[in-house]
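Residues per chain are reported as follows:
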Amino acid sequence: MSTASRPLSSPPPSTSSCGAPAVFTEWPKELVRVNLVYLLERCDPKELLDYFIQSGLLIEGEREVVRKQLVCPKTTCRDINRQLLLQTLPRKGPGAFDKFVSCLYVAAGGTCRHVLTGLEKFPDSVTRQRFNKLMENLLIAHNDVVCVQEAAGSLNLPTACTKDP
């Protein structure tokens, strides 16, 4: 639907960083809550900061605030992650979680992907299915054939989404 034909009151459709429609239209607070300690320990804001800017999750001023916190001896990466995960990113609107996951997927040449595959706690089956769909979208969008085949088993993705190498 073109912008001209969309009513002014309806927001534009949200998309993830890979261009697919957003799977999580709201920040999944419960998913983040049950995995909070895991995420706080494993996300490195230094590696993710530029990806957050590129995806539109953070603006330049927010990046500078985080950079200042990174050099402050009283602030730990855990503190910064807590602020990002519980305060800043949830306010970024529809598709913010999709973009966050996408940043983890591509950051530092894929070295942050272990964070995504390590998520084991899901508040319900619907959230698990939505997360699996988001991962499937990312794997296919990045044409990550080997990872698509590995993830098809570990994430219980439908085999139709896997590609032959």
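Everything in this summary refers to the structure shown in the same document.

Rules used throughout
- Residues numbered from 1 in each chain as written.
- Predicted model: local features only at pLDDT ≥ 70, side-chain atom pairs only at ≥ 80, totals over all residues.
- Heavy atoms only, no water.
- Core = buried A, V, L, I, M, F, W, Y, C linked by side-chain atoms within 4.5 Å.
- Buried < 20%, exposed > 50% of the residue type's maximum accessible area, 1.4 Å probe, protein only.
- Helix = DSSP H or I, 4+ residues; strand = E, 2+ residues; numbered from the N terminus.
- Contact = heavy atoms within 4.5 Å.
- Salt bridge = Lys/Arg side-chain N within 4 Å of Asp/Glu carboxyl O.
- Phe/Tyr/Trp six-rings, centres within 6.5 Å; stacked < 30°, edge-to-face > 60°.
- Expected span 1.5 Å × (residues − 1).
- Polar contact = N/O pair within 3.5 Å; in protein donor to acceptor, adjacent residues only side chain to side chain.
- Axes fitted to C-alpha atoms, helices over the stretch in contact; angles between N-to-C directions.
- Parallel < 35°, antiparallel > 145°, perpendicular 65-115°, else oblique.
- Left-handed = near helix turned anticlockwise from the far one by under 90°.
- Nonpolar A, V, L, I, M, F, W, Y, C, P; charged D, E, K, R; others polar.

1. Some words on the nonpolar core
Now for step 1: If you look at the biggest cluster of nonpolar residues, it comprises 38 residues, and the most contacted ones within it are Phe52, Phe97, Phe100, Val101 and Phe131.
Now for step 2: Looking at this core, the elements that each hand over two or more residues are helix H1 (29-34), helix H2 (36-42), helix H3 (45-55), helix H5 (77-88), helix H6 (96-106), helix H7 (113-117) and helix H8 (125-141).
Now for step 3: A total of seven residues in this core trace back to one element, the largest contributor, which is H6.

2. Observations regarding the environment of Cys103
Now for step 1: With respect to the secondary-structure elements, Cys103 resides in helix H6.
Now for step 2: Of the residues examined, Cys103 reaches a relative accessible area of 2% and is grouped as buried.
Now for step 3: The spatial distance from the C-alpha of Cys103 to the C-alpha of Leu48 is 6.7 Å, given a sequence separation of 55 residues.
Now for step 4: Not counting the four nearest positions on each side in its chain, Cys103 is found in contact with Leu48, Tyr51, Phe52, Ser55 and Leu57.

3. Describing the pattern of salt bridges
Now for step 1: Summed over the entire model, instances satisfying the criterion amount to nine salt bridges.
Now for step 2: Note that Glu30 and Arg33 form a salt bridge whose closest N and O atoms lie 2.5 Å from each other. With Glu30 and Arg33 both in helix H1 and three residues apart, the pair spans about one turn of that helix.
Now for step 3: Taking the shortest distance from any N to any O, the salt bridge between Arg63 and Asp50 comes out at 2.5 Å.

4. Quick notes on the packing of aromatic side chains
Within a pair of aromatic rings, the relevant descriptors are the distance that separates the centres and the angle that separates the planes.
Now for step 1: Counted under the stated rule, the structure contains six aromatic pairs.
Now for step 2: Geometrically, the ring pair formed by Phe24 and Phe97 is edge-to-face, given 5.0 Å between the ring centres and 75° between the ring planes. Of this pair, Phe24 sits in the segment before H1 while Phe97 is found in helix H6, placing the two residues 73 residues apart along the sequence. This pair shows no difference in class: Phe24 is buried, exactly as Phe97 is.

5. Looking at H8
Now for step 1: With 17 residues, H8 should reach 24 Å at 1.5 Å per residue; the first-to-last C-alpha distance of 24 Å fits that figure.
Now for step 2: Burial in H8 covers these residues: Thr127, Phe131, Asn132, Leu134, Met135, Glu136, Asn137, Leu138 and Leu139.
Now for step 3: Near the N-terminus of H8, the side chain that reaches the backbone nitrogen of Val126, with its oxygen 3.2 Å away, is that of Asp124.
Now for step 4: One or two positions beyond H8, positive phi appears at Asn143, with a value near 50°.

6. Description of H6
Now for step 1: Extensive coverage of H6 is indicated by the burial of nine of its eleven residues.
Now for step 2: All buried positions along H6 are accounted for by Ala96, Phe97, Asp98, Phe100, Val101, Ser102, Cys103, Leu104 and Tyr105.

7. Overview of the packing of H6 against H8
Helix packing geometry: the angle between the two helix axes and the distance between the axes.
Now for step 1: Running from amino to carboxyl end, H6 crosses H8 at an angle of 50°, the nearest separation of the two axes being 11 Å. Our classification of the angle between H6 and H8 gives oblique. When the axes of H6 and H8 are compared, the crossing they make is right-handed. Here Phe97, Asp98, Val101, Ser102 and Tyr105 of H6 lie close against H8, whose contacting residues are Phe131, Leu134, Met135, Leu138 and Leu139.
Now for step 2: Its residues placed into classes, the contact of H6 with H8 shows eight nonpolar, one polar and one charged.

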